[in-house]
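# Examining the three-dimensional arrangement
The primary structure of each chain is shown beneath.
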Amino acid sequence: MIKHKLLDLWVKECVKLCKPDKVVWIDGTESMRKSLEKQACSTGEIVKLNQKKMPGCVLHRTALNDVARTENLTFICTPTKKDAGPTNNWMSPKEAYKKGGEIFAGSMKGRTMYIIPFSMGPIGSPFSKIGVEVTDSIYVVLNMYIMTRVGNKVLKQLGEKGKFTKCLHGKAGLDIKRRLILHIPKDNTIWSAGSGYGGNVLLGKKCLALRIASYQAQKEGWMAEHMLILGIEEPNGRIEYIAAAFPSACGKTNLAMLIPPKGLEKKGYKVWTVGDDIAWMRADSDGKLWGINPEWGFFGVAPGTNSKTNLNAMKTVRKNTIFTNVLLKPDKTVWWEDGDEPPPKEGIDWRGSPWRPGMIDDGGNILKGAHPNSRFTAPAMQCPSISYRLEQHHGVPISAIIFGGRRAHLAPLVYESFSWQHGVYVGATMASERTAAQYGKQGEVRRDPMAMLPFCGYDMAKYFKNWIDMGRKLSSPPKIFHVNWFRQDKKGEFLWPGYGENLRVLEWILKRCNNDVKAHKTPIGYVPYLEDIDRTGIKLSKDKLKDLFLIDSKEWSRELKDLEKFLSQFGNNLPKEIKREYSALKKRFGF
Ligand code: GTP
Ligand code: SPV
Ligand code: MN
């Protein structure tokens, strides 16, 4: 018996619309999880992996046309188009329910409907939000078990009258022409139809924790951000926390799980992972910005993950992990490009076809064994560097905020903004080259303010205002920085070694936060004196280092022209503070 009348009513509506054969409430128990896993194995929806080598691990392959988020099919359904702002796809709520309703109608005939009560954030924390996802996918249920806190304990917390986000997902025909990811913020509702891929269907993640939550955050005066949170502990036991926003597949998981590099070992730092993708942050009574990671697991990019780049992630995925779209080896273990092992002689690729290294497609391109956006879903608690603060109701105080992206040119390795307001401008004008995490032309530079372009649930100009306002609520706001691990030399090679070595930059950032080091003032912000970046143990010539910090005024002049176009789309809604920062930057350059 469901005591929550509105929940009961809503589930009945979903049943009436989708017409499943059976309805199952997810109770959160291990026995229920196991029996669903067994069922999905028997139908081939998932493949059980080698249980000796990879206990508790399974593999899933999505449909071929369903391997990344489909931003063009993702809509913010506010009453008017203006409310959604110029950067979002918009549909009226009426049309959304009509179009979505047509896809959902009868779509679960012959299937089971699973009801998953879940909590984003620790159950019972005043900062947490509850959602209920209705889905016809066992894959989704198994992922939600890892990514969120699920089951009866959440229902209990919800009580008879608690608020929850209504999240309806249906695979329908997995047809890209009948695929829609719809958000109706006013109704606290998400409808996702026709997909089986992570970000489109694990509705607690991008849909609730970013799009719906950002809308609620603006109304309630907090922030929902596409950010990792990590803690850096010094030998004296002091831990300082940093939040960082990079666009999809630009290094959040890697940075969040950073292992101090050899050269810095003697300094005795320890890095703690609080979250790798999403941060909810608010001003606390101490005048500082505090953040929680609302998730409970990691949905990380597999290719490129190996013991050198991210040992903690490799250790995290040894057991109880769901792999999606990686290569299956004959011994029922998995493989991906730029992982730990050389390619196997043969295997089954992410498409489910026999694969050998060096195979080429009709266009003459090398066929990858794992999809570039193949992923692992793993419990956060299995990460060796997981912070005990993940379960703290208050989260952690944030000392620094970092924005960053993939820029082959232009942006130096690191710079510091002059103020909170300038920092908001730096975030708002971020750009990055497109990756495999979303459909679209790879490598193309696109503006991605605060890495939130695909995830802001309302008018982005108002979102900038929410950032400006937050600064006014904080008596000691975090300092705001910009980093670029991806700057290239003339040959197209990365200038900076990246990964664990990024700690060298974080070290400078924290020193700046504590006023321990001076910096060099440039038109774009404060830049380190070269000798202040500790280079013990890495080979990086002075020339390369100079190139990393080069500020080319011709490039910046082009950037500012390009920006003008981008900013002008917001019209009068663009906060005057952003306009002022734009003019001030131009003036500092003398343009
Ligand atoms: P989402 O889960 O899509 O939000 O991605 P993410 O931001 O967590 O990105 P992730 O850490 O998974 O990194 C994506 C890719 O960037 C991987 O292929 C990494 O190998 C690569 N990468 C991460 N950090 C660095 C770095 O410091 N330098 C370089 N060159 N590459 C990096
Ligand atoms: C991203 O694309 O930013 C991800 C993966 O973190 S997804 O959940 O698919 O959005
Ligand atoms: Mn992400």
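Just so it is clear, the structure is predicted and the values come from calculations on it, not from any experiment.

By a widespread convention, an interface's size corresponds to the accessible area lost as its parts come together. Once the domains are mapped, the protein shows domain 1 (5–47 + 69–220), domain 2 (225–297 + 388–589) and domain 3 (298–378). Centre-to-centre, using C-alpha coordinates, domain 1 lies 28 Å away from domain 3. In this complex, domain 1 contributes 11 residues to the contact, which on the side of domain 3 involves 11 residues. Carbon and sulfur atoms make up 70% of the area that domain 1 and domain 3 hide from each other, which totals about 830 Å². Its largest share of buried area at the contact with domain 3, domain 1 owes to Tyr 139, Ile 146 and Tyr 197, together 51% of the area lost on that side. Counting across the domain 1 and domain 3 interface gives zero salt bridges. At the junction of domain 1 and domain 3, the tally comes to four residue pairs in polar contact (both at pLDDT 80 or more). Looking at the side of domain 1 that touches domain 3, the elements that each hand over two or more residues are helix H5 (138–147) and helix H7 (198–201).

It is worth spelling out the sheet that holds strand E23 (residues 375–379) at this point. Sheet architecture is open: five strands sit in the order E2-E3-E18-E23-E17, paired in mixed fashion. Lying at the two open borders of the sheet, with one neighbouring strand each, are strand E2 (47–48) and strand E17 (297–301).

Ring pairs (aromatic) are described by centroid distance and by the angle formed between their planes. Taken as a whole and assessed by the stated rule, the structure comprises 19 aromatic pairs. Between Trp 10 and Phe 164 the ring centres are 6.0 Å apart and the planes differ by 55°, which places this aromatic pair in the tilted class. Here Trp 10 is found in helix H1 (residues 5–18), whereas its partner Phe 164 is found in the loop between helix H6 (152–158) and strand E8 (165–170), with 154 residues between them in sequence. The residues Trp 10 and Phe 164 share a single accessibility class, namely buried. Grouped by ring-pair contacts, the aromatic residues Tyr 458, Tyr 463, Phe 464, Phe 566 and Phe 570 constitute a single cluster. Above the plane of the ring of Trp 272 lies Lys 270, whose end atom (NZ or CZ) is 4.2 Å from the centre.

The rules behind the values
Per chain, the residues get numbers from 1 upward, laid out in the order the sequence is written. As they are written, the chains are lettered A onward and the ligands numbered 1 onward, keeping that order. The predicted nature of this model means local features are confined to residues of pLDDT at least 70 and side-chain atom pairs, given and counted, to a pLDDT of 80 or more, with totals for whole chains, interfaces and linings taken over all residues. Hydrogens and water molecules were not included; the side-chain quantities draw on all heavy atoms of the structure. As used throughout, domain bounds are those supplied by an automatic or database domain assignment. Note on definitions: a residue-residue contact is assigned when non-hydrogen atoms from the two residues lie within 4.5 Å. Simply put, the buried area is the total loss of 1.4 Å probe accessible area from both parts when two parts are fitted together. Salt bridges, as used here, are contacts in which a Lys or Arg side-chain nitrogen is within 4 Å of a carboxyl oxygen on Asp or Glu. In protein, a polar contact requires one atom able to donate a hydrogen and another able to accept it; more generally it is a pair of N or O atoms within 3.5 Å, and residues adjacent in sequence count only if both atoms are side-chain atoms. Comment: elements are numbered from the N terminus, with helices defined as DSSP H or I runs of at least four residues and strands as E runs of at least two. The pairing criterion is simple: DSSP has to find at least two bridges between the two strands. The criterion for an aromatic pair is that two Phe, Tyr or Trp rings (for Trp, the six-membered ring) have centres within 6.5 Å, with stacked assigned to planes under 30 degrees apart, edge-to-face to planes over 60 apart and tilted to the rest. The classification of residues rests on relative accessible area computed with a 1.4 Å probe and restricted to protein chains. Under 20% of the type maximum is buried, over 50% is exposed, and intermediate values are partly exposed. We count a charge as sitting over a ring when the NZ of a lysine or the CZ of an arginine lies within 6 Å of the ring centre and within 35 degrees of the ring normal.

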